[in-house]
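Chain and residue survey
Single-letter residue listing:
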Amino acid sequence: MNRFKVDRARCINCGLCAADCPSRIIDMTDEGPVVTRPNGLKCIRCQHCLAICPKGAVSVVGVGPEDCMLGQGALPEAQKVGYLMKSRRSIRRYKPEDLDPVLIKELLDTASYAPTGKNARRVLFTVIDNREAMDKFRAKAMELLARRLRDGEPFARMEDFAGHLKVWETKKADSIFRGAPHLLVASAPKDCPTPEADCLIALSYFELLAQAHGVGTVWAGVGKWMMTLVVPELRAVLGIPDDHVIGYAMAFGKPQVTYTRIPKHAAFETVNVSL
């Protein structure tokens, strides 16, 4: 049950909660909004009813107005948000320093507000939060890659991965995870409505807030291929459940570089539809 409750002393029977409910399970009565038991089973736990109530009369899924932040008046200027998005760069050089664990937790907690298909909210963040552990993971990944290249069957992009291994063995440089001190892997159960999309959206949330805090990130596509197609044993190393889809991986940490300008990019092609 969704535990839908209404403070009758506060409720003004405006009907906003019922009108905004995605599942249309709130009925308006003379006494105010109600959710019957059969309808409550259809609740997707989005909390729209709680968020939209102007009087703070609604509680749902065990969350009340007193547990929430006020959303009005706290938004940043649109121009600054646009600047943040345009100035994002893929960071491939990092300082050999750990981020503050409190900051990492803030980034992960905020990224958990990302939308998911049907509000499933089943994304799993697997994070390496210290450089010592990341160095061990890096070494293990390269060890398993070397074994696969030596003993395994040919695979897609085999020459590329052989090149990454050569860089590691000859220069002790990590061209897969870019020497970053931290790694974040987003995964979700295969039976989610939209597992891969959920992961990508969540990582985008993480990245934008990381950028605002001066934290560098890079979408580790080669690392994702490595974990999913080349060395799947890395899933077990990271403890990612077998029934999960790995959406993507992101390396992050304190950037060793500073970019002084925003390059000019052409806009994506746009097609206006008129019916």
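See the structure shown above.
1. As for empty space enclosed by the protein
Counted according to the given criterion, the structure contains two cavities of 30 Å³ or more. Considering only enclosed or pocket space, the largest cavity measures out at about 110 Å³ in volume. If you go around the largest cavity, you meet 15 residues; those closest to its centre are C21, I25, C43, C46 and C49. Of the volumes computed, that of the second largest cavity is approximately 90 Å³. For the second largest cavity, the lining is made up of 14 residues, of which C11, I12, N13, C14 and C53 are closest to its centre. Among the residues making up the lining of the second largest cavity, the classes are represented as 10 nonpolar, two polar and two charged.

2. Some remarks on the side chain of K224
Tracing the backbone through its elements, the reader meets K224 in helix α9 (residues 221–230). With residues near it in sequence (within four places) discarded, K224 still touches E196, I246, G247, Y248 and A249.

3. Considering the packing of aromatic side chains
For the coordinates displayed, the defined rule picks out four aromatic pairs. Taking 5.5 Å as the distance between ring centres and 70 degrees as the angle between the ring planes, the aromatic pair formed by W219 and Y248 counts as edge-to-face. Placement of the pair is W219 in strand β7 (residues 216–219) and Y248 in strand β8 (residues 244–253), with a sequence separation of 29 residues. Taking relative accessible area as the criterion, Y248 reaches 22% and is therefore assigned partly exposed. The ring of Y259 is capped by R89, whose NZ or CZ atom sits 5.7 Å from the centre of that ring.

4. With respect to the nonpolar core
Core analysis: the biggest nonpolar cluster contains 33 residues, and L145, F177, L183 and M226 have the highest contact counts within it. Membership of the second largest hydrophobic core comes to 20 residues, among which are I104, A111, C192 and L203.

5. Here we look at the sheet that holds β8
Strand pairing in a sheet relies on backbone hydrogen bonds, with the paired strands running either antiparallel or parallel. Taken together, four strands build an open sheet; the order of strands is β5-β6-β8-β7 and the sheet is antiparallel. Two strands in the sheet have a free side with no partner beyond their single neighbour: β5 (124–128) and β7. Taking each pair of neighbouring strands and ignoring which way they run, the sheet shows an average axis angle of 25 degrees. Pairing of β7 with β8, which is carried by four bridges, proceeds in the antiparallel orientation. The residue bridging G216 from the neighbouring strand is G253, located in β8. Along the sheet, helix α6 (residues 131–151) contacts β5 and β6 (182–189); its crossing angle with β6, the most-contacted strand, is approximately 70 degrees.

6. Brief notes about the layout of surface pockets
The method is simple in principle: a probe with the dimensions of a water molecule rolls over the atoms, and the space it marks as empty is what remains. Approximately 1800 Å³ is the volume attributed to the largest pocket. Broken down by secondary-structure element, the contributors of at least two residues to the lining of the largest pocket are α3 (48–52), α4 (78–87) and α8 (195–212). Among the elements that take part in the lining of the largest pocket, α8 stands out by supplying four residues, more than any other. Across the lining of the largest pocket, the residue classes tally to 24 nonpolar, nine polar and three charged. Approximately 380 Å³ is the volume found for the second largest pocket. Lining the second largest pocket are 18 residues, with S87, R89, Q211, T258 and Y259 positioned closest to its centre. Only α4 and β7 provide two or more residues apiece to the lining of the second largest pocket. The element that contributes the greatest number of residues to the lining of the second largest pocket is α4, accounting for four residues. In terms of residue class, the lining of the second largest pocket is made up of eight nonpolar, seven polar and three charged.

Parameters at a glance
- Residues numbered from 1 in each chain as written.
- Predicted model: local features only at pLDDT ≥ 70, side-chain atom pairs only at ≥ 80, totals over all residues.
- Heavy atoms only, no water.
- 1 Å grid on protein atoms, 1.4 Å probe; cavity = no way out; pocket = protein on both sides within 12 Å on 5 of 7 lines; lining within 4 Å.
- Points joined across faces, edges and corners; volume = space filled by probe spheres on them.
- Nonpolar A, V, L, I, M, F, W, Y, C, P; charged D, E, K, R; others polar.
- Helix = DSSP H or I, 4+ residues; strand = E, 2+ residues; numbered from the N terminus.
- Contact = heavy atoms within 4.5 Å.
- Phe/Tyr/Trp six-rings, centres within 6.5 Å; stacked < 30°, edge-to-face > 60°.
- Buried < 20%, exposed > 50% of the residue type's maximum accessible area, 1.4 Å probe, protein only.
- Lys NZ or Arg CZ within 6 Å of the ring centre and 35° of its normal.
- Core = buried A, V, L, I, M, F, W, Y, C linked by side-chain atoms within 4.5 Å.
- Pairing = 2+ DSSP bridges.
- Axes fitted to C-alpha atoms, helices over the stretch in contact; angles between N-to-C directions.

Without other data, these values stay purely geometric and don't point to any function.
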